[in-house]
Amino acid sequence: MSAKASTPNRWVITQPTSFDHRSQTRWTKFATRSFSVVVAALFAILTTFLLSFHDSSLIANTLKFERNLYTPVFDHTKQALLTRCARITATPGPSASFLARDKSDRYEKGTNATLIRNAVIFTGKDDGQQIIHGDLLLDKGIVRGIGKISPRVIDSIKNLKEIDVNGAWVTPGLVDLHTHMGVLSTPILSGAVDFDSAKGPILPWLRSVDGLNTHDESYELALAGGVTSVQVLPGGSNAIGGQSFMVKLRKTKDRTASSMIIEPPETLVIPRGDDDDDAAFATHHWRHMKQACGESTRVHGNRMDTMWSLRVAYTEAIKMKAAQDEFCAKAENGLWDLINTPFPEDLKWEALVDVLRGKVKVSTHCSEAVDLDAMARLSNEFKFPIASLHSASEAWLVPSLVRKFYGSVPPSVALSATNHRGKKETYRGSEFASRVLSDHDVPIILKSDHPVVNSRYLLYEAQQAHYYGLPPNVALAAVTSSPAAAAGLLHRIGVLEEGSDADVVLWDSHPLRVGATPQKVWVDGILQIPVPSKTGEETHVVIGRGKEADEWKRKPYVPDWEQERNQSIRWDGLPPLRGRETEDRIAFINVKQVWKRVLDGEVHEAFTAESTEEGLQLGMVVVEAGKLSCLGVDCGDLVGNAEVIDLRGGVVSSGLMTYGSPLGIEEIASEPSTGDGTTFNAFETDVPRVLDDTGAVVRAVDGLIFGTRNALIAYKSGVTFATSSLAKPVQVGGPEAQIICGLSVTFRTGSGHAMERGALIQEVVALHVAIGKSHPLLKGVSVSTQIAGLRRLLYGWESSEKETGHWFKQAAEGIVPLVIDVDSADIMANLILLKIDVEDKIGAQMRMVFSGAAEAHLLAQEISNARIGVILNPIRAVPTVWDQRRILPGPPLSNDTTLVKLLDKGVIVGMGIRHAWQAQTTRFDVQWASFESNKRVSEQQAYALVTHDLENLLGIRNMGEDSDLVVWEGGSMFDMSSKAIGVISPIKGTVELF
Ligand SMILES: *[C@@H]1O[C@H](CO)[C@@H](O)[C@H](O)[C@H]1NC(C)=O
Ligand SMILES: *[C@@H]1O[C@H](CO)[C@@H](O)[C@H](O)[C@H]1NC(C)=O
């Protein structure tokens, strides 16, 4: 049965007006129009009502009256108007019997049932506290049974596929409430950037689904991370960016954008086929909307302008709503004689009217206290609820304000775990924010902002938030039930209970352990991961090797951060990050291991606690004036008059290095005045005469700033030194990539200024260029031009009296490494050929390094033969731009990762990051690399990616015994139970205690 819906003929009665607060409401204009127009309009409205509202009685009416559409049926018109009046005030949401359904409207015929036996099921219910040990039965797109399932039910199901998971963790499919998937697709191409309209700032009539690319590669990648549903939000440059949609990421049989929408609102007229399920169209569904304020809307004016434009827009909507209410009051009281206008409506404002009627889950992107305060006023002035506050970096500093928004339920706050400080408005963001808000009973959501952070790693957000103090149940709810609730979809997604959608993830470890990877993912009961083969052959990918021990099924212990948290609140989000420095004797006791550098710079075990009959024989480390004076089981008298610090099974190990981001070159990425500023791109602009240098080669050391928050936070996270060049990460909306990126510098992240002892580790490290990676939205210099320029410089055609000639000569002769940011295998192949040519000509061996290197796995052998090193940046590749599209995604999509492929061929590999805030989680990213390899890369090998091997590739002088040692309490660098509590600095002669 189907009602064939055509596009409603609303244009007859409501032509969109431009956004103008002085314009009259539509219906008052109609009053002056001729009678015939009114009659025509009434018929048009009738058609509209009948065809665009799909509750079952209306569908029946539609069918009955379809034939007579053009015969006046006034009683029916009245009935339709009354139905409509009742409908506009109805609250959206599922019917009371929704969970009693025996089939999902999203069920696809031919899907077999699945029984998952012996699982530990996180259901998402009960504030994330409910864990059920038992079975899970998926049938007809829904959860048919959970826990102990009656054999009668099981026996009644045909073609049941049964799997025993032996106590593995199962969660609902993850829900990412903040993404731009499909409207800012992967790889980014200018033809598919549909996430922001330039016609703002008020655009409630736009719909993200109108730009939803069904071929975005990130869908499959996100599914591989267990993400099954996402909100597709327009970008944040408009105060009202448009209507957003909640979609599922699986490929549907229809392969359309519409069929991805979980619960299409009635206002979206979707063409229906004969076998479409009426249930999908029968209930009254929530709508979704994106608002923003603060920095991101500045293209249309400042903060004051943004709030004014919002108030004007809501005033229009209020007028329309009042007109409708007045109309309906007359109709409901039978005062038909007093009705001389059509039903008041306007396609431009209808969505905002629904916001005012509380029928829209509004996602609001506002960050600072001033912005949140303005939004709280707006919601109270116009009396509409806001469902979620996104990227609300300062919400944790004003938790009571969150409760002052209009409505009985406070908005949820959707945050990133560690992506902070990139803008002025996120400068006071904190890794402790989610815990603080949760302590104030504010519902917490963790989100990716894909493609800002790859949605595939949404669960990693929960893992990090948990590490920094968010309770485990809240952390898991923050990526399942909490976002589902904020989207009004808790009856279907984000939870596992009888009747909910069969979106399920089976994990290879406890989901809060770093590196947790889906073994299987179902959406609507259909297996998505492992990816069904298109050729019919079975694909099998090894997942979770090395996680067989029972401990992997238990949640990780995490450190206590109470002191840091309180300190952060006290300092309004900017706590001092320096520790207490001392030259005094310190004795660290209960030490499990010590890892030190030996002469060649490699890091080796210098001490390991031995297991004895009485248990582990822990050791001690005594430090005086920053130098180790004793290391062993018993340091005797030395401990006596020392300050004693209990490491509780902790570890002392060599500090890590970070490379690849502008750490130390900028404080706030989006604020040029806080950093080095813009350099000259010699391929595009004339280099100023004062430089007298063709290539404008400059030194990062000259622009270096110490004490940036990103550097100090990295330092406090065990990353004691950094190498930075002047390369900037390519960003949509940012400038074209620099081609010649200058000379890098290596510095101590914990130092106060350049003249402090040990602050500068190496003033000139390597020469950096970036080839390819042209900005997808700008017309850059061609790759062939870039390589021609590079060839010319390496051949020595520029005078070596000048900076450019000098440094490229050094690079050609292999005196300094030439680090090339490059992702495309084709470009890498050309660079390998260029290297061979240059070496032939110059007669020396170049030290070439590829950084980025997303497609390096395609050339692993050739790269190895050419003795080129590789810095994987990022280490878990993302195909953001075309040059990176052929990534090797790793489990559960492929056995191998690029790291494994390169190490197998004997290539020396390091790890890099793109953004300075990412330095904080270096140790977790290294751990990921080891797990992703299915333990073919040991933890010690992974350690070398950010120490010895990375230093070697960049040509950093071996610091040997002089290098900093990090003191970890409660475990090793590789345990989530540990945190860095101090740094031993032999060169400074101090210990810094945090
Ligand atoms: C469902 O199960 C039947 C019987 O085992 C099998 O023939 C069929 O291919 C299965 N369908 C799918 C979609 O896997
Ligand atoms: C992955 O590795 C396993 C075990 O070595 C092998 O059986 C399987 O075929 C591999 N899968 C793919 C897709 O290469």
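Residues numbered from 1 in each chain as written. Chains lettered and ligands numbered in written order. Predicted model: local features only at pLDDT ≥ 70, side-chain atom pairs only at ≥ 80, totals over all residues. Heavy atoms only, no water.

Here the focus is the overall build of the protein. A tally of helices and strands in the protein yields 25 helices and 36 strands. A compact globule built from 994 residues should have a C-alpha radius of gyration of about 30 Å, and the protein, at 31 Å, falls within 12% of that. In terms of its C-alpha atoms, the protein occupies a principal-axis envelope of roughly 95 × 75 × 60 Å. Relative to its 994 residues, the protein shows a buried fraction of 62%. In the protein, the share of contacts with a sequence separation of at least 24, taken over all contacts with a separation of at least 6, comes to 75%. Surface exposure of the protein reaches about 38500 Å², of which carbon and sulfur atoms provide 50%. Between the mean site of the 102 positive side-chain charges and the mean site of the 118 negative ones, the protein shows a separation of 5 Å. (Helix = DSSP H or I, 4+ residues; strand = E, 2+ residues; numbered from the N terminus. Rg over C-alpha atoms; globule rule 2.2 N^0.38 Å. Buried < 20%, exposed > 50% of the residue type's maximum accessible area, 1.4 Å probe, protein only. Contact = heavy atoms within 4.5 Å. Areas by Shrake-Rupley, 256 points an atom, 1.4 Å probe, with all protein chains shown as cover. Lys, Arg positive; Asp, Glu negative; His and termini not counted. Charge placed at Lys NZ, Arg CZ, Asp CG, Glu CD.)

Looking now at the confidence of the model for the protein. Across the protein, the average pLDDT comes to 90, with 91% of residues at 70 or higher. Within the model, pLDDT remains below 50 along residues 1-73, and this stretch shows 106 contacts once partners closer than five positions in the same chain are excluded. (pLDDT = per-residue confidence, 0-100.)

The strands making up a sheet associate through hydrogen bonds between their backbones, and the pairing can be parallel or antiparallel. Ordered in space as S24-S25-S27-S28, the 4 strands form an open sheet in which the pairing is mixed. Looking along the sheet, the strands with just one partner apiece sit at the ends: strand S24 (656-659) and strand S28 (760-762). If you compare each strand with its neighbour and ignore which way they point, the axes differ by 30 degrees on average. Relative to strand S25 (residues 719-724), S24 runs parallel, the two sharing 4 bridges. The residue bridging Leu 656 from the neighbouring strand is Val 719, located in S25. (Pairing = 2+ DSSP bridges. Axes fitted to C-alpha atoms, helices over the stretch in contact; angles between N-to-C directions.)

Below, the discussion takes up the layout of surface pockets. Put simply, the second largest pocket is a space of about 1000 Å³. Contributing elements (two or more residues each) for the lining of the second largest pocket: helix H6 (218-223) and strand S15 (526-529). Take the lining of the second largest pocket: its biggest share by element is 4 residues, from H6. The residue makeup of the lining of the second largest pocket includes at least three contributed by each of domain 2 (174-271 + 278-553) and domain 4 (656-962). (1 Å grid on protein atoms, 1.4 Å probe; cavity = no way out; pocket = protein on both sides within 12 Å on 5 of 7 lines; lining within 4 Å. Points joined across faces, edges and corners; volume = space filled by probe spheres on them. Domains from an automatic or database assignment.)

Taken together, the 6 strands give an open sheet; going across it, the order is S26-S29-S30-S31-S32-S33, and neighbouring strands pair in mixed fashion. At either margin of the open sheet sits one strand with a lone partner, and together these are strand S26 (740-743) and strand S33 (909-911). Within this sheet the neighbouring strands show an average axis-to-axis angle of 20 degrees, counted without direction. Pairing of S26 with strand S29 (residues 767-770), which is carried by 2 bridges, proceeds in the antiparallel orientation. Looking at S29, one finds that Leu 743 is bridged to Leu 767. Contacting strand S30 (818-822) and strand S31 (848-852), helix H20 (residues 825-842) runs over the sheet at an angle of about 165 degrees to S31.

Looking now at the site of ligand 2. All residues adjacent to ligand 2 are His 540, Val 542 and Asn 895. Between ligand 2 and His 540, the relevant distance is 2.6 Å, taken from a nitrogen atom to a main-chain nitrogen or oxygen of the residue. One of the side-chain nitrogen or oxygen atoms of Asn 895 is found 2.4 Å away from an oxygen atom of ligand 2. Compared with its free state, where it exposes 360 Å², ligand 2 has 40% of that area covered by protein. (Near = heavy atom within 4 Å. Polar contact = N/O pair within 3.5 Å; in protein donor to acceptor, adjacent residues only side chain to side chain.)

On to unusual backbone geometry, then. The bulk of non-glycine residues show a negative phi, and the bulk of peptide bonds are trans. A cis amide bond, omega -10 degrees, links Thr 186 with the succeeding residue Pro 187. Its location among the elements puts Pro 187 in the loop between strand S5 (174-179) and H6. Residues Asn 873 and Pro 874 are joined by a peptide bond in cis, for which omega reads 0 degrees. With respect to the element layout, Pro 874 can be found in the loop between strand S32 (869-872) and helix H22 (898-904). Look at Ala 853: it is not a glycine, yet its phi comes out positive at around 60 degrees. Looking at the secondary structure, you find Ala 853 in the loop between S31 and helix H21 (860-865).

On to the environment of Lys 802, then. Along the chain, Lys 802 falls in the loop between helix H18 (783-794) and helix H19 (803-812). Its relative accessible area of 31% is what places Lys 802 among the partly exposed residues. Sequence separation of Lys 802 and Lys 716 is 86 residues, and the distance between their C-alpha atoms is 40 Å. Those residues in contact with Lys 802 that lie beyond four places of it in its chain are Asp 692 and Asp 693.

Another point: the side chain of Ser 654. On the secondary structure map, Ser 654 appears in strand S23 (residues 643-654). Separated by 2.9 Å, the side chains of Ser 654 and Arg 597 make a polar contact. Setting aside residues no more than four positions away along its own chain, Ser 654 makes contact with Trp 595, Arg 597, Val 603, Tyr 943, Ser 963, Asp 964 and Leu 965.

A separate point is the pairing of strand S3 (residues 142-147). Among the 6 residues that make up S3, 5 are buried, leaving the element largely enclosed by the rest of the structure. As defined by bridge partners, strand S2 (residues 131-139) adjoins S3 across 5 bridges and the pair is classed as antiparallel. Bridging across to S3, Asp 139 finds its partner in Ile 142. Between S2 and S3, which pair antiparallel and follow one another directly, the connecting turn spans 2 residues, one of which, Lys 140, has a positive phi of 50 degrees.

Once that is clear, we can look at the state of the cysteines. Taken as a whole and assessed by the stated rule, the structure comprises 3 disulfides. Here Cys 85 engages in a disulfide with Cys 328; their sulfurs sit 2.0 Å apart. Taking the torsion about the S-S bond as the criterion, the Cys 85 to Cys 328 disulfide, at about -80 degrees, is left-handed. Residue Cys 85 is found in helix H4 (residues 74-88), and its partner Cys 328 is found in helix H8 (residues 303-332); the two are separated by 243 residues along the sequence. Cys 328 matches Cys 85 in its accessibility class, with the two residues each being buried. Paired by a disulfide, Cys 630 and Cys 635 hold their sulfur atoms 1.9 Å apart. Torsion about the S-S bond of the Cys 630 and Cys 635 cystine: about -85 degrees, corresponding to left-handed handedness. Accessibility expressed as a relative area gives 7% for Cys 635, which makes it buried. (Disulfide = S-S within 2.5 Å.)

A word on the packing of aromatic side chains. Scanning the entire structure with this criterion turns up 18 aromatic pairs. With a centroid separation of 5.7 Å and an interplanar angle of 80 degrees, the aromatic rings of Phe 706 and Phe 747 are classed as edge-to-face. You can see Phe 706 sitting in the loop between S24 and helix H17 (709-715) and its partner Phe 747 sitting in strand S27 (residues 745-748), a full 41 residues away along the chain. On the accessibility criterion, Phe 747 (1% relative accessible area) is buried. For the ring pair Tyr 795 and Trp 797, a centre distance of 5.4 Å and an interplane angle of 85 degrees mean the geometry is edge-to-face. By the ring-pair criterion, three or more aromatic residues cluster together here, those being Phe 432, Tyr 467, Tyr 468, Trp 561 and Phe 924. Against the face of Phe 931 rests Lys 547, its NZ or CZ located 5.0 Å from the ring centre. (Phe/Tyr/Trp six-rings, centres within 6.5 Å; stacked < 30°, edge-to-face > 60°. Lys NZ or Arg CZ within 6 Å of the ring centre and 35° of its normal.)

By nearness alone, every residue bordering ligand 1 is listed as Gly 110, Asn 112 and Asn 159. Note that an oxygen atom of ligand 1 is positioned 2.3 Å from one of the side-chain N or O atoms of Asn 112. Relative to its free-state accessible area of 360 Å², ligand 1 is covered by the protein chains to the extent of 28%.

Checked against the element boundaries, Glu 350 lands in helix H9 (residues 350-356). Take Glu 350: its relative accessible area is 16%, and that puts it in the buried class. Setting aside chain neighbours within four positions, we find Glu 350 in contact with Gln 243, Thr 267 and Arg 287.

The next point concerns the UniProt feature "domain: Amidohydrolase" (unreviewed entry) in the protein. As recorded in UniProt, the feature "domain: Amidohydrolase" (unreviewed entry) lies at residues 424-525. Overall, residues 424-525 shows 28% helix and 13% strand. The separation of its end C-alpha atoms is 44 Å. (UniProt positions renumbered as here; feature names shortened; annotations may be inferred.)

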